[in-house]
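# Analysis of the macromolecular model
Given next are the chains, with one letter for each unit.
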Amino acid sequence: MTEAIIYAIGDVHGEAERLSALHEAIFTRHTSRSDDRPIKIIHLGDYVDRGPDSAGVIEILRDLEKRADAGIVNLRGNHEQMMIDAYDMGSDERLHWLMNGGDATIESYARRGLSDPPEADLDWLRNLPTLHLEEDSKIAFVHAGVDPRTFPDCEARIHMWTRSPRFMDPSRWDIGGLDGWRVVHGHTPTQDFEPQAAGEPARRFNLDTGAVYGGKLSAGIFAPGEPVEFLCV
């Protein structure tokens, strides 16, 4: 079976219009350059909070899952987890979420005539995985990162929240199961709003290019046997 070309998309944070534009750019590129290859799109989490239309982002992603012409993987980030906790764990967690951009998410639903996210959206978020592994190409996709000491068995909390120095430095990875793997993540905005490839050769790819802070919304393109490319809007 021919391996898919993977397009991984970094932190969206409510930027629904830009997400639609990036999807359009991805499908246009794929049709013109790789139409004979399967396509897989992986979103790395943090769809909600801070930006203008979190409700719209969730709608786009849920609709995209219904497409028959593409494999779609949607991962859970820490902002999705904060949103879930706000509704599952009570007032303290809700306040924490609202103080970290959840107010913008509430406003996006209010513009649709809803006081809160519908239960269907919350259930969708609850069921999102926190890690996706491409075993053949040895690429791990995750929101924040992994623990090199325990990979691939690290906790979901690590997947969604880590910024550990050990993870950020690929020269410190070759101590266990992560040996030979590449990791694609978001969560930590790059300082120059450009996709980051770290390591010699590159093994850690950061696709959080600060879309909600005035930066770009970025996708990494992972094609078997080809150099990694980036597509940004």
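Scroll up for the structure.
Residues numbered from 1 in each chain as written. Predicted model: local features only at pLDDT ≥ 70, side-chain atom pairs only at ≥ 80, totals over all residues. Heavy atoms only, no water.

Any two aromatic rings considered together are summarised by their centre-to-centre distance and by the angle between their planes. A complete count under the given rule lists 6 aromatic pairs for this structure. Each ring, one from Tyr87 and one from Trp97, has its centre 5.8 Å from the other, and the planes form 65 degrees; the classification is edge-to-face. With Tyr87 in helix α3 (residues 78–88) and Trp97 in helix α4 (residues 91–110), the pair connects residues that are 10 residues apart, well separated along the chain. A relative accessible area of 24% places Tyr87 in the partly exposed class. For Trp97, a relative accessible area of 0% translates into the label buried. Measuring from centroid to centroid gives 5.8 Å for Phe141 and Phe222, while their planes differ by 90 degrees, and the two rings are edge-to-face. In this pair, Phe141 sits in strand β5 (residues 139–142) while Phe222 sits in strand β9 (residues 218–222), placing the two residues 81 residues apart along the sequence. You can call Phe222 buried: its relative accessible area is 4%. Lying across the ring of Phe27, Arg67 places its NZ or CZ 4.0 Å from the centre. (Phe/Tyr/Trp six-rings, centres within 6.5 Å; stacked < 30°, edge-to-face > 60°. Helix = DSSP H or I, 4+ residues; strand = E, 2+ residues; numbered from the N terminus. Buried < 20%, exposed > 50% of the residue type's maximum accessible area, 1.4 Å probe, protein only. Lys NZ or Arg CZ within 6 Å of the ring centre and 35° of its normal.)

A separate point is the side chain of Asp121. With respect to the helices, strands and loops of the structure, Asp121 is situated in helix α5 (residues 119–126). By relative accessible area, Asp121 is classed as buried at 9%. Looking at Asp121, its side chain comes within polar contact range of the side chain of Arg62, at 2.8 Å. Once residues within four sequence positions are removed from consideration, Asp121 is found in contact with Ile58, Arg62 and Tyr109. (Polar contact = N/O pair within 3.5 Å; in protein donor to acceptor, adjacent residues only side chain to side chain. Contact = heavy atoms within 4.5 Å.)

This part takes up the sheet that holds strand β6 (residues 182–185). In space, the 5 strands of this open sheet follow the order β4-β5-β6-β8-β7, with mixed pairing throughout. What marks the edges here is a single partner per strand, and that holds for β4 (131–134) and β7 (196–198). Each adjacent strand pair in this sheet contributes to an overall mean axis angle of 15 degrees, direction not counted. In the sheet, β5 pairs with β6 via 3 bridges, with the strands oriented parallel. Along β6, the bridge assignment pairs Ile139 with Arg182. (Pairing = 2+ DSSP bridges. Axes fitted to C-alpha atoms, helices over the stretch in contact; angles between N-to-C directions.)

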